[in-house]
Amino acid sequence: MTKLLEGKNIVVMGVANERSIAWGITKSLHNAGANLIFTNRQERSYNKLVKLLEKHEIEPKAIISCDVASDESVKEAFQEIKEKTGVIHGLVHSVAFAKREDLQDEFVTTSRDGFLLAQEISAYSLVTVTNAAKELMTEGGAIVTQTYIGAEQVVPGYNVMGVAKASLEASVRYLAEDVGKHGIRVNAVSAGPIRTLSAKGVANFNEKAQVVEEKAPLRRNIDQDDVGDATLFFLSDLARGITGEVLHVDAGFNIIG
Ligand code: NDP
């Protein structure tokens, strides 16, 4: 049987280490037969990714440096991706950042800098990479980003990132409209809390995970592999009729009042 992503070139942005959501996604995409191109920002992430790929015997098509805070860096990265692959069929955006101090206190104290930084790295980055990626999606394609319920409801401590995720989710819808005519779909997975490097910056993370375990219909937390398979679905032809959507992968937590 042909695998879901056999022969497809997919760019994965945001593997920092083996706890990263993007690493769970990588495993799902690899098992589905995708050719993988990675981008990362810090050298530390690059080194971890190289080791992980070796350990799991995954041969990347390319690993390229990309800091989404810089237009030049995004341009150069996608130029390099074009040289390496010619065409891409999918892109995974699993990137976010906010200052730690903006994820602890009250939202009302957020600084101008902190607000703009969270928007830039966590929301605008999807806009700029979609614009760059669409040029390489000459056979159509799919883009998937990662969001959180803090976009829809007040999750204490999530603060500036909740507002950035609301912006990200609205961007998914506007981008879906713009690129839909080129046969490109844009969707988001809204994952439950997962213990990652970024999650460490969010106040009371343990409590949030505990509440999910107690209240979610499935009475458990989700993991990187759950998100990986949902992201695979969005990238595959199985989701060909779906765009501009936010899919909760949270053991059902969002339906409980
Ligand atoms: P990680 O810390 O593992 O991943 C975050 C990634 O963002 C890192 O790879 C980091 O790269 C990258 N990044 C940050 N700034 C930049 C930048 N300027 N340019 C390029 N890359 C950058 O955490 P997660 O896996 O948890 O986060 C992935 C996504 O999932 C985020 O959007 C997050 O908000 C979302 N999410 C997380 C949840 C959770 O509970 N963990 C729940 C729901 C959504 P580098 O390390 O090289 O700086």
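Every value quoted in this text rests on a predicted model; they were computed, and no experiment measured them. (Residues numbered from 1 in each chain as written. Predicted model: local features only at pLDDT ≥ 70, side-chain atom pairs only at ≥ 80, totals over all residues. Heavy atoms only, no water.)

1. A look at a negative patch on the surface
- A contiguous patch of negative charge, built from Asp-67, Asp-71, Glu-72, Glu-76 and Glu-120, is present on the exposed surface.
- Position of Asp-71 relative to the elements: it lies in helix H3 (residues 71-85).
- You can call Asp-71 exposed: its relative accessible area is 56%. (Patch = residues over 30% accessible without salt bridge, like charges linked within 9 Å, V, L, I, M, F, W, Y side chains within 5 Å. Areas by Shrake-Rupley, 256 points an atom, 1.4 Å probe, with all protein chains shown as cover. Salt bridge = Lys/Arg side-chain N within 4 Å of Asp/Glu carboxyl O. Lys, Arg positive; Asp, Glu negative; His and termini not counted. Charge placed at Lys NZ, Arg CZ, Asp CG, Glu CD. Helix = DSSP H or I, 4+ residues; strand = E, 2+ residues; numbered from the N terminus. Buried < 20%, exposed > 50% of the residue type's maximum accessible area, 1.4 Å probe, protein only.)

2. Digging into the site of the ligand
- Contacts to the ligand come from 27 residues, most closely from Ser-20, Ser-45, Ile-194, Thr-196 and Ser-198.
- Contact between the ligand and Ile-194: an oxygen atom at 2.7 Å from a main-chain N or O atom of the residue.
- The contact in question runs from an oxygen atom of the ligand to an N or O atom on the side chain of Ser-198, over 2.6 Å.
- Across the complex, the protein chains shield 94% of the 890 Å² of accessible surface that the ligand would expose by itself.
- Comparing atom positions with the cavity grids shows the ligand to sit within the largest pocket.
- Split by residue class, the shell around the ligand holds 14 nonpolar, 10 polar and 3 charged. (Near = heavy atom within 4 Å. Polar contact = N/O pair within 3.5 Å; in protein donor to acceptor, adjacent residues only side chain to side chain. 1 Å grid on protein atoms, 1.4 Å probe; cavity = no way out; pocket = protein on both sides within 12 Å on 5 of 7 lines; lining within 4 Å. Sits in = over half its atoms within 2 Å of the grid points. Nonpolar A, V, L, I, M, F, W, Y, C, P; charged D, E, K, R; others polar.)

3. Topic: the pairing of strand S1 (residues 9-13)
- In terms of burial, S1 is a largely internal element, 5 of the 5 residues being buried.
- Neither face of S1 is left uncovered, since the one carrying Asn-9, Val-11 and Met-13 and the one carrying Ile-10 and Val-12 both have all their residues buried.
- Handedness of the crossover joining S1 and strand S2 (residues 35-40) through helix H1 (residues 21-31): right-handed. (Right-handed = clockwise from strand over helix to strand, strands pointing away.)

4. Some thoughts on the layout of surface pockets
- Each pocket or cavity is described by its volume, and for the largest pocket that value is around 1,200 Å³.
- Along its surface, the largest pocket is lined by 46 residues, and Ser-94, Val-95, Ala-96, Phe-97 and Ser-198 are the ones closest to its centre.
- Of all the secondary-structure elements, those providing two or more residues to the lining of the largest pocket are S2, helix H2 (43-55), helix H4 (112-134), strand S5 (141-147), helix H5 (159-180) and helix H6 (205-215).
- Broken down by class, the residue content of the lining of the largest pocket amounts to 24 nonpolar, 14 polar and 8 charged.
- Here the second largest pocket is characterised by a volume of approximately 380 Å³.
- What lines the second largest pocket is a set of 22 residues, and nearest its centre among them are Tyr-148, Val-155, Lys-208, Val-211 and Phe-253. (Points joined across faces, edges and corners; volume = space filled by probe spheres on them.)

5. Digging into the sheet that holds strand S4 (residues 90-93)
- Pairing within the open sheet is parallel, and its 7 strands lie in the order S3-S2-S1-S4-S5-S6-S7. Either end of the sheet is taken by a strand with one partner, and the two such strands are strand S3 (62-65) and strand S7 (246-249). Direction aside, the axes of adjacent strands within the sheet are offset by 20° on average.
- Alignment of S1 against S4, held across 4 bridges, turns out to be parallel. Within the sheet, the bridge partner assigned to Ile-10 lies in S4 and is Gly-90.
- Across the face of the sheet, H1 comes into contact with S1, S2, S4 and S5 while running at roughly 165° to S1.
- Against the sheet, H5 contacts S4, S5, strand S6 (184-191) and S7, and its axis sits at roughly 160° relative to S6. (Pairing = 2+ DSSP bridges. Axes fitted to C-alpha atoms, helices over the stretch in contact; angles between N-to-C directions. Contact = heavy atoms within 4.5 Å.)

6. Here's the deal with the pairing of S6
- Buried residues dominate S6, accounting for 8 of its 8 residues.
- With H5 bridging S5 and its parallel neighbour S6, the resulting β-α-β unit is right-handed.
- Sheet analysis places S6 next to S7, joined by 4 bridges and oriented parallel. Bridging across to S7, Ala-191 finds its partner in Val-249.

7. Side note on a positive patch on the surface
- Together, Arg-19, Arg-41, Arg-44, Lys-48, Lys-51, Arg-100, Arg-195 and Lys-200 make up a positively charged patch on the protein surface.
- Mapping Arg-41 onto the fold places it in the loop between S2 and H2.

8. Quick notes on the confidence of the model for the protein chain
- When pLDDT is averaged across the protein chain, the result is 97; 100% of the residues are at 70 or more.
- For this predicted complex, the interface confidence comes out at an ipTM of 0.99, alongside a pTM of 0.98. (pLDDT = per-residue confidence, 0-100.)

9. Remarks on the side chain of Ser-190
- Mapped onto the secondary structure, Ser-190 falls in strand S6.
- Setting aside residues no more than four positions away along its own chain, Ser-190 makes contact with Thr-147, Tyr-148, Ile-149, Glu-152, Val-246, Leu-247, His-248, Val-249 and Asp-250.

10. A word on the environment of Glu-214
- Summarising the element assignment, Glu-214 is placed in helix H6.
- The class for Glu-214 is exposed, based on a relative accessible area of 51%.
- For Glu-214 and Arg-19, which are 195 residues apart along the polypeptide, the C-alpha to C-alpha distance reads 23 Å.

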